[in-house]
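What the coordinates show
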Amino acid sequence: MSKQKPAGPYETVATVIAQEPAGAVAYCLTLECPEIARSARPPQFFTISCHPLTGDGADGISLDPLLRRPLGFYRLRPEKGEFDAVYQVVGRGTKLLATLKPGDRVRVLGPLGKYISPKDVNSQTVLLAGGGVGLPPLYSLAETLKDAGKEPIVIAGARRRETLIAPTVPRKLKRPVGGRREVQSLEPFARSDIDSVVALEEPEDGFFEGRITVPLKEYLEQDYEGGVEIVACGPPPMVRAIAGLAGEKSVKCAAIMESRMGCGIGACQTCAIKTTSGYRRVCVEGPVFDSKEIVWE
Ligand SMILES: Cc1cc2nc3c(=O)[nH]c(=O)nc-3n(C[C@H](O)[C@H](O)[C@H](O)COP(=O)(O)OP(=O)(O)OC[C@H]3O[C@@H](n4cnc5c(N)ncnc54)[C@H](O)[C@@H]3O)c2cc1C
Ligand code: FES
């Protein structure tokens, strides 16, 4: 699975269209920003200022925090010039983002980083495994792969159903797994007719029990005529566990990595992670890496 660098990035101003809860623990922010909506390709990301612009076009009164926050693309609607991002409030910056309201204008920079082009994905089936706020970027990627004629299957992991970023609905799987045909699936994926299964550490009917590697193992036991590969996105320990299983089964795995960011454009090295070929910047050389390249610390 090779990675591509497209048009942009654009340093521009986006208008807030909507801000709604996404599950019990996150928010979905809808922004109008035609340049970014039309050029972004998953799993690229953008950075957003934590302060809306004031009437005279200057950034808001406070510059604390100064640095913009990186977010992935959940749903892209290039025809409308809009996109959605789902985020969790974890600190000061995201707490401020949660106060943005429709009509606010906010500085953004994107799209940033490399993307996965479906034509470079050799396998017909792609297992998209993730959790937390790693799931939204997998949605836009799943849609892109499906539109290109691939078979994306989403495998999600969470502690409890309430911590998922989307509700679940009963679904008959196109490809049964682990002896199950009917499961609870994530509603946004079901709406796009994409199979998804969920593993919960606190078990419930319709869900796999345990960590994300439980259903992933089941999928990796199956035969795939056109080949199979994995894309992982989520908290680093989860991505590491997925990459470990992929290694054991000799299945190719792309890891979408998160890192603290400064500039977002390759200048400050804040986001560098250790790889087998030295330190590499998540914002420029990533966020997608071959999982075999990552030196887990
Ligand atoms: C490429 C990329 C894409 C991302 N996409 C999303 C997304 O779609 N949705 C989403 O909710 N979050 C996403 N994140 C993480 C998000 O950027 C951080 O949660 C956010 O910047 C935290 O800002 P804060 O000021 O609220 O928290 P801070 O006060 O800066 O930090 C609060 C806590 O969060 C941790 N933290 C902060 N930034 C990161 C980070 N980048 N990675 C891991 N831990 C961090 C800190 O260590 C600290 O414990 C992404 C990060 C990257 C690098
Ligand atoms: S955030 Fe500055 S180099 Fe990546």
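Everything below is about the structure shown above.
Structure report, in brief. None of the values given here were measured: they were computed from a predicted structure.

If a probe the size of a water molecule is rolled over the atoms, the empty space left behind becomes visible. Overall, the coordinates contain one cavity of 30 Å³ or more when judged by the stated rule. Quantified by volume, the largest cavity comes out at close to 30 Å³. Every residue lining the largest cavity is listed: Gly234, Pro236, Val239, Ile256, Met257, Glu258 and Trp296. Among the residues forming the lining of the largest cavity, the class breakdown is five nonpolar, one polar and one charged.

We now examine the pairing of strand β8 (residues 105-112). Among the eight residues in β8, six count as buried, and that is most of the element. Looking at chain direction, strand β2 (residues 10-22) and β8 are connected through six bridges and run antiparallel. Within β8, the residue paired with Ala14 across the bridge is Val106. Pairing analysis gives four bridges linking strand β4 (residues 45-52) to β8, with the strands arranged antiparallel. Looking at the pairing, Pro52 lines up with Val106 of β8.

Right, let's talk about the nonpolar core for a bit. Ranked by size, the top nonpolar core spans 37 residues in total, and within it Leu127, Tyr219, Ile230 and Ile242 carry the most contacts. No other element matches the five residues that helix α6 (residues 236-248) contributes to this core. Inspection of this core shows a minimum of three residues originating in each of domain 1 (3-112) and domain 2 (117-256). Core analysis: the next-biggest nonpolar cluster, separate from the first, contains 32 residues, Tyr74, Tyr139, Val198 and Ala254 among them.

Turning next to the site of ligand 1. Inspection of the region around ligand 1 gives 18 residues, with Pro70, Gly93, Thr94, Ser259 and Arg260 positioned closest. Out of a free accessible area of 870 Å², ligand 1 has 75% covered by protein chains. Taken atom by atom, the bulk of ligand 1 overlaps the largest pocket. Of all the secondary-structure elements, those providing two or more residues to the shell around ligand 1 are β5 (69-72), β7 (82-88) and α2 (92-97).

Bringing the packing of aromatic side chains into the picture now. For the structure shown, the criterion picks out six aromatic pairs. Geometrically, the ring pair formed by Tyr27 and Tyr87 is stacked, given 5.7 Å between the ring centres and 25° between the ring planes. Of this pair, Tyr27 sits in strand β3 (residues 26-32) while Tyr87 sits in strand β7; the two residues are 60 residues apart in sequence, bridging distant segments of the chain.

About the thresholds
- Residues numbered from 1 in each chain as written.
- Chains lettered and ligands numbered in written order.
- Predicted model: local features only at pLDDT ≥ 70, side-chain atom pairs only at ≥ 80, totals over all residues.
- Heavy atoms only, no water.
- 1 Å grid on protein atoms, 1.4 Å probe; cavity = no way out; pocket = protein on both sides within 12 Å on 5 of 7 lines; lining within 4 Å.
- Points joined across faces, edges and corners; volume = space filled by probe spheres on them.
- Nonpolar A, V, L, I, M, F, W, Y, C, P; charged D, E, K, R; others polar.
- Buried < 20%, exposed > 50% of the residue type's maximum accessible area, 1.4 Å probe, protein only.
- Helix = DSSP H or I, 4+ residues; strand = E, 2+ residues; numbered from the N terminus.
- Pairing = 2+ DSSP bridges.
- Core = buried A, V, L, I, M, F, W, Y, C linked by side-chain atoms within 4.5 Å.
- Domains from an automatic or database assignment.
- Near = heavy atom within 4 Å.
- Areas by Shrake-Rupley, 256 points an atom, 1.4 Å probe, with all protein chains shown as cover.
- Sits in = over half its atoms within 2 Å of the grid points.
- Phe/Tyr/Trp six-rings, centres within 6.5 Å; stacked < 30°, edge-to-face > 60°.

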